[in-house]
Amino acid sequence: MNYRHAFHAGNHADVLKHIVLTRLIALMSRKEQPFAYIDTHAGLGLYDLQGDQATRTGEYLEGVARLWGRDDLPAMATDYLRIIKRLNADGQLRYYPGSPELARRLMRQQDRALLNEKHPEDGPLLKENMKKDPRVVVHLGEGWHVPRALLPVQEKRAIMLIDPPFEQADELKRCTTAMKEAIGRMRQTVAAIWYPIKDQRSLTRFYQDLTSTGAPKLLRVELYVHHQDSPQGLNGSGLAIANPPWGLEQELSELLPWLAKELAQTAGSWRMDWLIAE
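Residues numbered from 1 in each chain as written. Predicted model: local features only at pLDDT ≥ 70, side-chain atom pairs only at ≥ 80, totals over all residues. Heavy atoms only, no water.

## Side note on the side chain of Asp39
Relative to the elements of secondary structure, Asp39 occurs in strand S1 (residues 36-39). The charged side chain of Asp39 is buried without a salt bridge, its nearest counter-charge being Lys17 at 7.9 Å. At 2.6 Å, the side chain of Asp39 forms a polar contact with the side chain of Tyr37. Beyond its immediate chain neighbours, meaning those up to four positions away, Asp39 contacts Ser99, Pro100, Leu114, Leu115, Asn116 and Leu161. (Helix = DSSP H or I, 4+ residues; strand = E, 2+ residues; numbered from the N terminus. Buried < 20%, exposed > 50% of the residue type's maximum accessible area, 1.4 Å probe, protein only. Lys, Arg positive; Asp, Glu negative; His and termini not counted. Salt bridge = Lys/Arg side-chain N within 4 Å of Asp/Glu carboxyl O. Polar contact = N/O pair within 3.5 Å; in protein donor to acceptor, adjacent residues only side chain to side chain. Contact = heavy atoms within 4.5 Å.)

## Overview of the pattern of salt bridges
Scanning all chains against the criterion turns up 25 salt bridges. Among the salt bridges present, the one from Glu62 reaches Arg66, with a minimum N-O distance of 2.2 Å. A relative accessible area of 32% places Glu62 in the partly exposed class. Between Glu262 and Arg70 there is a salt bridge, and its shortest N-O distance comes to 2.7 Å. One end of the pair, Glu262, is in helix H9 (residues 248-263); the other, Arg70, is in the loop between helix H2 (52-57) and helix H3 (78-87), with 192 residues separating them in the sequence. On the basis of relative accessibility, which here comes to 15%, the residue Glu262 falls in the buried class. Through salt bridges with shared partners, one network takes in Glu101, Arg104, Arg105, Asp133 and Arg135.

## A word on unusual backbone geometry
Leave glycine aside and you will find that most residues have negative phi; peptide bonds, for their part, are mostly trans. Put simply, Leu151 and Pro152 share a cis peptide bond, and its omega is 0°. Here Pro152 shows up in the loop between helix H6 (146-150) and strand S6 (158-162). You will see that Lys156, though not glycine, has its phi angle at about 75°, which is positive. Relative to the helices and strands, Lys156 is located in the loop between H6 and S6. Judged by relative accessible area, which is 53%, Lys156 ranks as exposed. For Asn243, which is not glycine, the phi torsion reads 55° and is therefore positive. For Asn243, the position within the fold is in the loop between strand S9 (236-242) and H9. Under the relative-accessibility criterion, Asn243 is labelled buried at 11%.

## Side note on the UniProt feature "active site" (unreviewed entry) in the chain
Under the local residue numbering, the UniProt record ascribes the feature "active site" (unreviewed entry) to Asp163. Relative to the elements of secondary structure, Asp163 occurs in the loop between S6 and helix H7 (171-185). Taking the relative accessible area as the measure of exposure, Asp163 reaches 12% and is therefore buried. Apart from the residues within four sequence positions on either side, Asp163 is in contact with Lys17, Thr40, His41 and Trp194. A polar side-chain atom of Asp163 sits 2.7 Å from a polar atom in the side chain of Lys17. (UniProt positions renumbered as here; feature names shortened; annotations may be inferred.)

## Considerations on the sheet that holds strand S4 (residues 112-116)
Strand order in the open sheet made by the 8 strands is S5-S4-S1-S6-S7-S9-S8-S10, with mixed pairing throughout. The two strands at the open ends of the sheet, each matched to only one other strand, are strand S5 (136-139) and strand S10 (269-276). Between one strand axis and the next, the sheet turns by 15° as a mean value, whatever way the strands run. As paired strands, strand S8 (residues 218-224) and S10 are joined by 7 bridges and run antiparallel to one another. Each residue of the ladder has a partner; that of Leu219, found in S10, is Trp274. Here helix H5 (residues 122-130) sits on the sheet and contacts S4 and S5; the angle it forms with S5, its principal contact strand, is near 170°. Across the face of the sheet, H9 comes into contact with S8, S9 and S10 while running at roughly 150° to S10. (Pairing = 2+ DSSP bridges. Axes fitted to C-alpha atoms, helices over the stretch in contact; angles between N-to-C directions.)

So this is what it looks like as structure tokens:
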């Protein structure tokens, strides 16, 4: 339980993950029918980029800071940047929203957020941050139990983000198990796994496992800021998205080349393909 996302808040991986999340919510909101947003490893919800942890790594400087203050962003990034600007009304980039805060601010009145955070410090802070919104319920249990505990939901539609800290060697396997459980309990769930790209060899089995999750369709989206086999560490990140809403693939085909160019550190590139075609 040593992982704290505050060290990494707003980095290039967050930019990818959070812009895609805002688009999932926007596309799901085209229909009036309510949906539930479920976050298995939710974190704090809100981060201070001028705090000790974020300034110690400075990762946000190679992520959201590159987008801040620009007026030439793709339309797909509008919701994402609008929320960040509202959190920083004085024009200085300081506060950064995690996935729970982004979802909360984009949900409609008929939607719900079901958040889970196990960390003994972050969980209570998340609960405190969300206490004024009656649409939000915060759980403090084991994130891997969430698919079994919360699905199916009464709304009949759900977005589930599976975003663990990746401190343990088996977490990629547990991600695919969680997705398989989610699809098994509620087949139409839009389930998204975020994952780091460090060693391509370690991802080979993960990709194979994803194809056996039982998802009706599964889209793989990856953004690289270094060469894929670079020893830099975090070379990029990806999202495996089960049941992506119609329109997302087209949007990302326009967004990803732009992000690869703007967030590149030594070499920017991207990949998008179907691991399970409809």
